[in-house]
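Here are the chains, one letter per residue:
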Amino acid sequence: MNILLIGSGGREHALARSLSVSPHCSKLFIAPGNPGTAQHGTNVSLDVTDHQAVIEFCRVMAIGFVVVGPEAPLVAGLVDDLTAAGIKTFGPSRAAAQLEGSKAFTKDLCAEFNIPTAAYRRFTDAEAAKTYVRNYGVPIVVKADGLAAGKGVVVAMSFEDAENAIDMMIGGGLGAAGAEVVIEAFLDGEEASFFALCDGTTAIPFGTAQDHKRVFDGDEGPNTGGMGAYSPAAILNPELQARVIAEIIEPTLKGMASRGTPYKGILYAGLMLTKDGPQLIEYNARLGDPETQVLLPRLNSDLVEAFLAACDGKLNTVSLTWSDKAALTVVMAAKGYPGSVEKGSEIRGLDKAEMLDDVIVFHAGTKQDGDRIVANGGRVLNVTALGKTITDAQAKAYEAVSKIDWPSGFCRRDIGWRAVERERG
Ligand code: AMP
Ligand code: GLY
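Treat the numbers as computed from the prediction; the structure is a model and nothing was measured. Every chain's residues receive numbers from 1 upward, in the order its sequence appears when written. Labels are handed out in written order, letters beginning with A for the chains and numbers beginning with 1 for the ligands. Given that this is a predicted model, residues contribute local features only at a pLDDT of at least 70 and side-chain atom pairs are listed and counted only at 80 or more, while totals for whole chains, interfaces and linings are drawn from all residues. Side-chain figures throughout are based on the complete set of non-hydrogen atoms in the structure, without hydrogens or water.

Peer 1: Tell me about the environment of R379, residues and numbers included.
Peer 2: Structurally, R379 can be placed in strand β22 (residues 379–387). Along the sequence, R379 and A364 sit 15 residues apart, while their C-alpha atoms lie 6.3 Å from each other. Here a residue-residue contact requires only that any non-hydrogen atoms of the pair lie within 4.5 Å. The contacts of R379, once residues within four sequence positions are left out, are G225, G226, D289, P290, V331, M332, A333, Y337, A364 and G365. N or O atoms within 3.5 Å of each other form a polar contact, as long as, within protein, one can give a hydrogen and the other can take it, and as long as residues adjacent in sequence are counted only when both atoms are side-chain atoms. Within polar-contact distance, the side chain of R379 engages the backbone oxygen of G225 at 3.0 Å. Segments assigned H or I by DSSP are reported as helices when at least four residues long, segments assigned E as strands when at least two residues long, and all are numbered from the N terminus.

Peer 1: Account for the sheet that holds strand β5 (residues 89–90), naming residues and giving values.
Peer 2: Pairing between two strands is assigned when DSSP locates at least 2 bridges connecting them. Taken together, five strands build an open sheet; the order of strands is β3-β2-β1-β4-β5 and the sheet is parallel. Two strands close off the open sheet at either side, each with one partner strand: β3 (42–43) and β5. Here five bridges tie strand β1 (residues 2–7) to strand β4 (residues 63–68), and the two strands are oriented parallel to one another. Each residue of the ladder has a partner; that of N2, found in β4, is I63. Axis lines are fitted to C-alpha atoms, over the contacting stretch for helices. Their N-to-C directions set the angle, which ranges from 0 to 180 degrees. Where helix α2 (residues 51–60) meets the sheet, it contacts β1, β2 (28–32) and β4, and its direction lies at approximately 155 degrees from that of β1. On the sheet, helix α11 (residues 303–311) packs against β1, β4 and β5 and is oriented at approximately 90 degrees with respect to β4.

Peer 1: Could you give me a rundown of the site of ligand 2, with the residues and numbers involved?
Peer 2: Near, as used in this document, describes a residue that has one of its heavy atoms within 4 Å of the molecule or strand being considered. Every residue close to ligand 2 is listed here: D211, G225, Y268, N284, R286, G288, D289, P290 and E291. Between a nitrogen atom of ligand 2 and a side-chain N or O atom of E291, the distance comes to 2.9 Å. Each accessible area value is a Shrake-Rupley result obtained with a 1.4 Å probe; residue values ignore everything except the protein chains displayed when judging cover. Across the complex, the protein chains shield 87% of the 200 Å² of accessible surface that ligand 2 would expose by itself. Residues are grouped as follows: Ala, Val, Leu, Ile, Met, Phe, Trp, Tyr, Cys and Pro are nonpolar; Asp, Glu, Lys and Arg are charged; all remaining types, including Gly, are polar. Its residues assigned to classes, the shell around ligand 2 comprises two nonpolar, three polar and four charged.

Peer 1: Outline the site of ligand 1, listing residues and values.
Peer 2: Contacts to ligand 1 come from 14 residues, most closely from E184, A185, L187, E191 and E282. Backbone polar atom of L187 to a nitrogen atom of ligand 1: 2.8 Å apart, as the coordinates give it. With respect to ligand 1, the side chain of K213 contributes an N or O atom lying 3.4 Å from an oxygen atom. Burial of ligand 1 by the protein chains amounts to 86% of its free accessible area of 460 Å².

Peer 1: A description of the sheet that holds strand β21 (residues 372–375) should follow, citing residues and the corresponding values.
Peer 2: With respect to topology, three strands assemble into an open sheet ordered β18-β21-β20, the strand pairing being antiparallel. If you trace the sheet from one side to the other, it starts and ends with β18 (346–347) and β20 (366–369), each paired once. Pairing between β18 and β21: two bridges, direction antiparallel. Note that in β21 the partner of E346 across the bridge is V374.

Peer 1: Run through unusual backbone geometry, naming residues and quoting values.
Peer 2: When glycine is set aside, most residues are seen to have a negative phi, and most peptide bonds are trans. Of note, the bond from V138 into P139 is cis; its omega dihedral lies within 30 degrees of zero at -5 degrees. Mapped onto the elements of the fold, P139 is located in the loop between α7 (126–136) and β7 (140–144). The omega torsion across D289 and P290 is 25 degrees, close enough to zero to call that bond cis. Turning to its location among the elements, P290 is positioned in the loop between β16 (277–284) and α10 (292–295). We note that D219 has phi near 55 degrees; this positive angle belongs to a residue other than glycine.

Peer 1: Can you explain the nonpolar core? Please cite residues and give values.
Peer 2: Counting 48 residues, the largest nonpolar core has L4, V66, I249, Y263 and L271 as its most contacted members. No other element matches helix α9 (residues 238–258), which puts seven residues into this core. If we ignore the near neighbours within four places in the chain, the residues touching L271 are E190, E191, A192, F194, L236, V244, I248, Q279, L280 and I281. Nonpolar cores are built from buried Ala, Val, Leu, Ile, Met, Phe, Trp, Tyr and Cys residues. Side-chain atoms within 4.5 Å join them into one set. Note on classification: 1.4 Å probe, protein chains only; a residue is buried when its accessible area is under 20% of the maximum for its type, exposed when over 50%, partly exposed between these limits.

Peer 1: Describe in detail the pattern of salt bridges, supporting the description with residues and values.
Peer 2: Salt bridge, as used here, is a side-chain nitrogen of Lys or Arg placed within 4 Å of a carboxyl oxygen of Asp or Glu. Enumeration according to the criterion identifies 25 salt bridges in this entry. A salt bridge links D312 to K88, with the nearest nitrogen and oxygen atoms 2.8 Å apart. You can see D312 sitting in the loop between α11 and β17 (326–334) and its partner K88 sitting in the loop between α4 (78–84) and β5, a full 224 residues away along the chain. For K88, a relative accessible area of 34% translates into the label partly exposed. Put simply, E112 and R259 hold a salt bridge, and the shortest N to O gap is 2.8 Å.

Here's what the structure looks like:
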């Protein structure tokens with residue numbers, strides 16, 4: 001069948017690579033895609049906010065299956081509109097994507113179905129929120145309810161930080177996303193991500209990962225969309241994974257189904273591993289970026305078959321197989337990221353990096369400019385390597401980074417440090 005993939009980042013390059021090798025995939029189109037996805041299919045400049053235009057494209061190109069990468073089109077109901085038009089589409093409905101689109105929605109679901117998460121209160125009034133914080137104490141976490149492109153969470157160590165965050169969010173600093181805030185207890189522990197592939201009733205594991213959100217080595221500096229990641233996350237041992245499934249994922253699926261909004265698609269649980277067990281920090285209604293770039297290279301099973309089974313409610317018949325190898329990705333970003341960056345600097349040496357065994361360079365924010373590849377965003381490349389251990393994958397990834405000639409870029413030098421320390425024992 002012909003497949004249309006929606007999105008343009010490193011996640012979509014990884015998805016395009018895995019979808020395109022499936023025997024079920026005839027032609028692959030990516031809207032809008034990037035120079036990396038163009039290695040695996042045809043990029044098309046579709047306005048994905050225009051759902052009717054996407055439907056028309058699917059009719060003209062005889063698309064049999066659509067896969068949605070990013071959260072914005074999910075929350076905007078693209079899956080609902082395509083499905084209503086008779087086009088099979090992978091991803092949650094608008095109502096189910098509220099698990100990512102509204103933190104208040106998710107916290108209320110957790111409360112109703114006894115899912116372990118930080119204690120919380122919801123506020124639309126800044127003064128009431130501040131009074132609550134004063135009575136509660138710090139540290140405390142202030143979150144904008146809606147989608148805020150990674151800027152919606154402030155872990156406040158002082159009253160001043162908490163109050164500034166409340167004023168900024170409720171005052172409109174994040175637009176409509178911050179009109180309501182969730183204030184929650186600070187959770188102490190190590191963070192890890194668990195991914196589940198869901199068909200409305202059944203969830204099957206789709207891998208584990210850990211990422212590095214801070215921009216500088218040693219986990220210092222401002223938060224970013226992620227400067228690197230690795231999979232698997234050994235800290236999520238089989239026993240903890242079983243608890244995550246039983247205590248967090250399955251009650252979520254049951255809760256969503258009982259409300260008449262079954263969850264289909266990837267459910268990405270951001271977890272805090274506390275001394276009392278795993279707690280849900282947040283849900284994402286999609287694969288992570290850059291986590292996908294370390295999950296999919298380890299997947300041996302056919303991705304199209306797996307996603308189709310999720311759409312068709314048939315995951316109880318599916319078991320996925322994964323490589324024993326570990327994967328690690330280093331994000332190369334344009335200098336200045338996560339602040340403003342310059343676009344257009346040339347990147348050389350990608351072919352040299354990719355000549356190394358078990359190395360894949362995913363494009364995240366690049367542009368084809370004649371026969372040159374130039375930077376076109378903040379996070380630009382995801383240099384990914386497989387290895388027997390995270391330590392091996394890390395060495396290989398940094399060897400590949402050293403082949404890339406891009407003076408206007410930078411990367412962290414310590415991606416995977418927790419896992420490498422653990423492997424050293
Ligand atoms: P989120 O967008 O909800 O994943 O939050 C972004 C980051 O803020 C998380 O990855 C955590 O590092 C941190 N965070 C969010 N909620 C909490 C919490 N309740 N306690 C401690 N850290 C948190
Ligand atoms: N890497 C974090 C995310 O995809 O949300």
